[in-house]
Amino acid sequence: MTDLAPLLTATDLRRSVEGRLLFEGLSFSLAPGQRLMVVGPSGSGKSLLLRQLAGLDPLESGSITFRGTSQEAWALPAFRAGVMLLPQRAALGAGVTVQEVLAQPFNLKAHAGRTLDVPQARQLAQALGRGPEFLALDSVTLSGGEGQLVALLRALLLSPTVLLLDEATSALDPDTTARAEAVLSEWCATGVTA
Amino acid sequence: MVRDGGDGVSLHIALWQVAASAALLLVSIGLSWWLKLGLGREILVAGVRMTVQLLLVGLILAWVFALKQPLPVVAIGLVMTLLAAQASSARPKYRYRSLFLDSFVAIFGSSFLLTGLTLSAVLRIHPWFEPQYAVPILGMILGNSVTSVALGAERFTADLHARRGEVEGQLLLGATRWEAAHPLMATAVKTGMLPTLNSMTVMGIVSLPGMMTGQILAGESPQNAVHYQLVMMFVLAASSALGSLGVVLLAYHRLFDNRDRLRLERLGAERLRKPASRPG
């Protein structure tokens, strides 16, 4: 796998907050099928690194390249549709039912021409241990863990190329965490889910 | 005293009568003292401030009316707009650096455009700068725009602050800055227009508008007073729409960069505001 051209490359990234340096000279390269884990204590800048990778914060130094094109040269909505960050506490946005929450981003220009594949959504929900009634639930009444699950489902259904997960299973119970990890492993290995 | 003024009869109010009505402020001050609202000082300051402002304006208007020149009319209009922008941009809790400029542009754009249209196209005043018409009409439109611009800007900046996760969540899913900001912008513009829409709904039933009341008290026929009021309300509705849309669009361009990023670090909370100036 290592001989594949890298999908996402970061070179010499740097981040400071109010004069305090969090990291510098940070570089990595990610090929298709590869997984990369970022470990560090609280407040060490893991989430801020992910925000830079997703183009949410401007770079202080260095560069990020996706599919051979610098982040600078990408239209960021298209970039983010390819390199998708799933934040720790993802907002579910507009939509009454879970299915509406899952369908909403397909209205964005970046996903034009695509619609929510409801059977695939059901299949994925099942793989995560939820029955078919899960899609009909009122999104306001979801627990923290269920909300995190919906956000993970939504990201997977948008089929990004690179998925950046910021503690994506922090609110899930051990059983659901194991299921989520299995789904993610399969997605990573084959590029398809469920 | 009853004074006969050409087209009708109006009551002349002497200074001692104004002073007597000012004594009514004591009612609110007394209530504040009794209920420990801590508003006594504020009511007194607001009352004195308003009195000084209005007396000064009376003097300045008399002077401008006598001049019959366009330049002083435009100048007084600009000063009024500056003060309006100042009042409007002081209101939001979260502000950014060019909020005053943006408020000025939104208030100036909506007020001058609509005052010009009203004077030249609707009322057909000759000359257009006739201060007896130009100054009060601009004043009413400005007063309305201030509220709309302040409410629109306040709602948009406060929402960006409170709903940051939602906005950035949309950006992360691939939304453009417009797509991500649109729901907040719609809410903010609606908020800015709400007072005008509310007052239109109850006008004539619950409330008799101040301008109409004033005209009737000054001896104008009710029908004519109603026609004036209708023209003004349509103009005010347009000005609040333009004003709040204007300031929200300008704030949007300041707080989202052209790389579809939310730049919330440009929005700072005001820390110097005195607690006493925030009732409730």
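Scroll up a little and you will see the structure.
Predicted model only: the values in this text are computed from it and were never measured.

Engineer: Could you give an account of the overall build of chain B, naming the residues involved and the relevant values?
Structural biologist: Across its full length, chain B holds 10 helices and six strands. Seen through its principal axes, chain B has C-alpha atoms that stretch 70 × 55 × 40 Å. A buried classification covers 38% of the 280 residues belonging to chain B. A separation threshold of at least 6 residues defines the contact pool for chain B, and within that pool the share at least 24 residues apart is 72%. For chain B, the exposed area adds up to about 16,100 Å²; of that, 69% sits on carbon and sulfur atoms.

Engineer: Go over the pairing of strand E1 (residues 8-17) of chain A with me, naming the residues and quoting the values.
Structural biologist: All names here are of chain A. Where E1 meets strand E2 (residues 20-30), seven bridges bridge the pair, whose relative direction is antiparallel. Paired with Arg15 across the strands is Phe23, a residue of E2. Taken together, the four bridges between E1 and strand E3 (residues 63-66) define a ladder with antiparallel strand orientation. Across the sheet, residue Thr11 finds its bridge partner in E3, namely Ser63.

Engineer: Please give an account of the sheet that holds E3 of chain A that cites residues and values.
Structural biologist: Strand pairing in a sheet relies on backbone hydrogen bonds, with the paired strands running either antiparallel or parallel. Residues and elements named next belong to chain A. Strand order across the open sheet formed by four strands is E2-E1-E3-E4, with antiparallel pairing between neighbours. The strands lining the two open edges of the sheet, one partner per strand, are E2 and strand E4 (69-70). Against the sheet, helix H1 (residues 46-53) touches E1, E2 and E3, its axis set at about 130 degrees to E1.

Engineer: Run through helix H6 (residues 174-190) of chain A, naming residues and quoting values.
Structural biologist: All names here are of chain A. In a regular helix each residue adds 1.5 Å, so 17 residues correspond to 24 Å; H6 covers 24 Å between its end C-alpha atoms and thus fits that length. Here H6 has its buried residues at Thr176, Thr177, Ala180, Val183, Leu184, Trp187 and Cys188. Axial view of H6: buried residues confined to an arc of 135 degrees, hence all on one face. Pointing more than 90 degrees away from the buried face of H6 are the exposed residues Pro174 and Ala189. Taken together, the buried residues of H6 touch helix H4 (118-127), helix H5 (144-157) and strand E6 (162-165). Of the residues flanking the start of H6, the one acting as N-cap is Asp173, its side-chain oxygen 3.1 Å from the backbone nitrogen of Asp175.

Engineer: Could you give me a rundown of the packing of aromatic side chains, with the residues and numbers involved?
Structural biologist: Residue and element names in this part refer to chain A. Applying the stated criterion across every chain yields a total of eight aromatic pairs over all chains. Here the aromatic rings of Phe66 and Trp74 are separated by 5.1 Å at their centres, their planes lie at 35 degrees, and the arrangement is tilted. The same class applies to Phe66 as to Trp74, namely buried. An angle of 80 degrees between the planes, with centres 5.6 Å apart, marks the rings of Phe66 and Phe79 as edge-to-face. With Phe66 in strand E3 and Phe79 in helix H2 (residues 76-82), this pair connects stretches of sequence that are 13 residues apart. Residue class for Phe66 comes out buried when judged on its relative accessible area of 1%. We classify Phe79 as buried; its relative accessible area is 0%. Each residue in the set Phe66, Trp74 and Phe79 is aromatic and connected to the rest through ring pairs, giving one cluster.

Engineer: Give me the lowdown on the nonpolar core, citing residues and values where you can.
Structural biologist: Nonpolar side chains in soluble globular proteins generally cluster together in the buried interior. Residues Leu53 and Leu102 of chain A together with Phe156 and Leu160 of chain B are the most contacted members of the largest nonpolar core, which totals 91 residues. Sorting elements by how many residues they give to this core places H5 of chain A first, with eight residues. Counting 15 residues, the second largest nonpolar core, distinct from the first, contains Val64, Val73, Val135 and Met233 of chain B.

The rules behind these values
- Residues numbered from 1 in each chain as written.
- Chains lettered and ligands numbered in written order.
- Predicted model: local features only at pLDDT ≥ 70, side-chain atom pairs only at ≥ 80, totals over all residues.
- Heavy atoms only, no water.
- Helix = DSSP H or I, 4+ residues; strand = E, 2+ residues; numbered from the N terminus.
- Buried < 20%, exposed > 50% of the residue type's maximum accessible area, 1.4 Å probe, protein only.
- Contact = heavy atoms within 4.5 Å.
- Areas by Shrake-Rupley, 256 points an atom, 1.4 Å probe, with all protein chains shown as cover.
- Pairing = 2+ DSSP bridges.
- Axes fitted to C-alpha atoms, helices over the stretch in contact; angles between N-to-C directions.
- Expected span 1.5 Å × (residues − 1).
- Arc of directions from axis to C-beta.
- Polar contact = N/O pair within 3.5 Å; in protein donor to acceptor, adjacent residues only side chain to side chain.
- Phe/Tyr/Trp six-rings, centres within 6.5 Å; stacked < 30°, edge-to-face > 60°.
- Core = buried A, V, L, I, M, F, W, Y, C linked by side-chain atoms within 4.5 Å.

Without other data, these values stay purely geometric and don't point to any function.
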